[in-house]
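# Fold and contact review
For reference, the chains in residue letters:
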Amino acid sequence: MSAISRWICALFLSASALLVFGQPLPTQETLLVKKWELAYYEEGGERIPPAPDQRNDMMEFHADHTVVSVESGGMQNGTWVYHEDKKQLVVVDKATKERMELRVVTLEGKNCVLEFKDVDGVVLRVHMVPL
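Right, let's walk through the structure included here. Note that residues are indexed from 1 along each chain, following the sequence as it is written. Under the rules for a predicted model, residues below a pLDDT of 70 receive no local features and side-chain atom pairs below 80 are neither given nor counted, while totals for whole chains, interfaces and linings still include all residues. With hydrogens and water stripped out, all remaining heavy atoms of the structure feed into the side-chain values.

### What to know about the overall build of the protein chain
In plain terms, the rule: Numbering of helices and strands runs from the N terminus, with a helix taken as a DSSP run of H or I at least four residues long and a strand as a DSSP run of E at least two residues long. Each residue is placed in one exposure class: buried if its accessible area under a 1.4 Å probe, protein chains only, is under 20% of its type's maximum, exposed if it is over 50%, and partly exposed if it falls in between. Note that accessible areas follow from Shrake-Rupley with a 1.4 Å probe, and for residues the cover is restricted to the protein chains shown.
Counting secondary structure elements, the protein chain contains two helices and nine strands. The order of helices and strands in the protein chain, counted from the N terminus, is α-α-β-β-β-β-β-β-β-β-β. Per-residue burial for the protein chain yields a buried fraction of 28% across its 131 residues. Put simply, the protein chain shows about 8,900 Å² of open surface, and 58% of that area lies on carbon and sulfur atoms.

### Side note on the nonpolar core
Side chains that are nonpolar tend, in soluble globular proteins, to be buried together. For clarity, the cut-off: The definition of a nonpolar core used throughout is a set of buried Ala, Val, Leu, Ile, Met, Phe, Trp, Tyr and Cys residues joined through side-chain atoms within 4.5 Å. By definition, residues are in contact when any of their heavy atoms lie within 4.5 Å.
Ranked by size, the top nonpolar core spans 21 residues in total, and within it Leu32, Phe61, Trp80, Leu89 and Val91 carry the most contacts. Mapped onto this core, the elements with two or more residues apiece are helix 2 (28–32), strand 1 (35–43), strand 3 (58–61), strand 5 (74–83), strand 6 (88–93), strand 7 (99–107), strand 8 (112–117) and strand 9 (123–130). Setting aside chain neighbours within four positions, we find tryptophan 80 in contact with Glu29, Leu32, Val33, Phe61, His62, His65, Thr66, Val67, Leu89, Val90 and Val91.

### A few points about the pattern of salt bridges
What counts is decided by this rule: Here a salt bridge means any side-chain nitrogen of Lys or Arg lying within 4 Å of a carboxyl oxygen belonging to Asp or Glu.
Tallied over the full model, the rule gives four salt bridges. Taking the shortest distance from any N to any O, the salt bridge between arginine 99 and glutamate 101 comes out at 3.1 Å. By relative accessible area, glutamate 101 is classed as partly exposed at 43%. The partner of arginine 103 in a salt bridge is glutamate 115, with the nearest N and O atoms 3.0 Å apart. Here arginine 103, found in strand 7, pairs with glutamate 115, found in strand 8; they are 12 residues apart in sequence, far enough to count as distant. Given a relative accessible area of 38%, arginine 103 falls into the partly exposed group. Residue glutamate 115 is classed as buried on the basis of its relative accessible area of 16%. In this structure, a network of salt bridges that share partners links the residues Arg103, Glu115 and Arg125.

### Some remarks on the packing of aromatic side chains
Under the convention used in this document: Pairing of aromatic rings covers Phe, Tyr and the six-membered ring of Trp, with a centre-to-centre limit of 6.5 Å; geometry is then stacked below 30 degrees between planes, edge-to-face above 60, and tilted otherwise.
This structure, assessed with the given rule, holds one aromatic pair. Between the aromatic rings of phenylalanine 61 and tryptophan 80, the centroid separation amounts to 5.7 Å while the plane-to-plane angle is 90°, which identifies the pairing as edge-to-face. Pair noted here: phenylalanine 61 is in strand 3 and tryptophan 80 is in strand 5, with a separation of 19 residues, a long-range link. Relative accessible area serves as the criterion here: at 1%, phenylalanine 61 is assigned to the buried category.

### Some thoughts on the environment of methionine 100
Structurally, methionine 100 can be placed in strand 7. The partly exposed category is assigned to methionine 100, whose relative accessible area is 35%. Sequence separation between methionine 100 and lysine 117 is 17 residues, and the spatial gap between their C-alpha atoms is 9.6 Å. Once residues lying within four places of it in the same chain are set aside, the contact partners of methionine 100 are Leu89, Val90, Val91 and Phe116.

Function cannot be inferred from these measures alone, as they are strictly geometric.
So, in structure tokens, the structure goes:
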């Protein structure tokens, strides 16, 4: 192989490495930014399917930290903050200013599991998949 061929090959490999390794890895926050639909709830290890009025429940997280939530046919708008160090998602409703703190159990491209305590102190897990 001539010196020029080796030089071109080395240049090509260097450029390829920059393209592969120069790609930023997705953060947990960027994985959250999409539309998620309710798959099922979990309480005490028991899987609970959505009720008929919850079949269209979803949450859509936007990059500007706004969120649209559809729950049992009602729509809410709010803001969200993700604290990666605590694995905590805080959602605040714009109209009522109600603050909901959720523990992020799993956040991957294909599923999101959030955990919270309901008003009776029962721990629920919400399993969501992307739309």
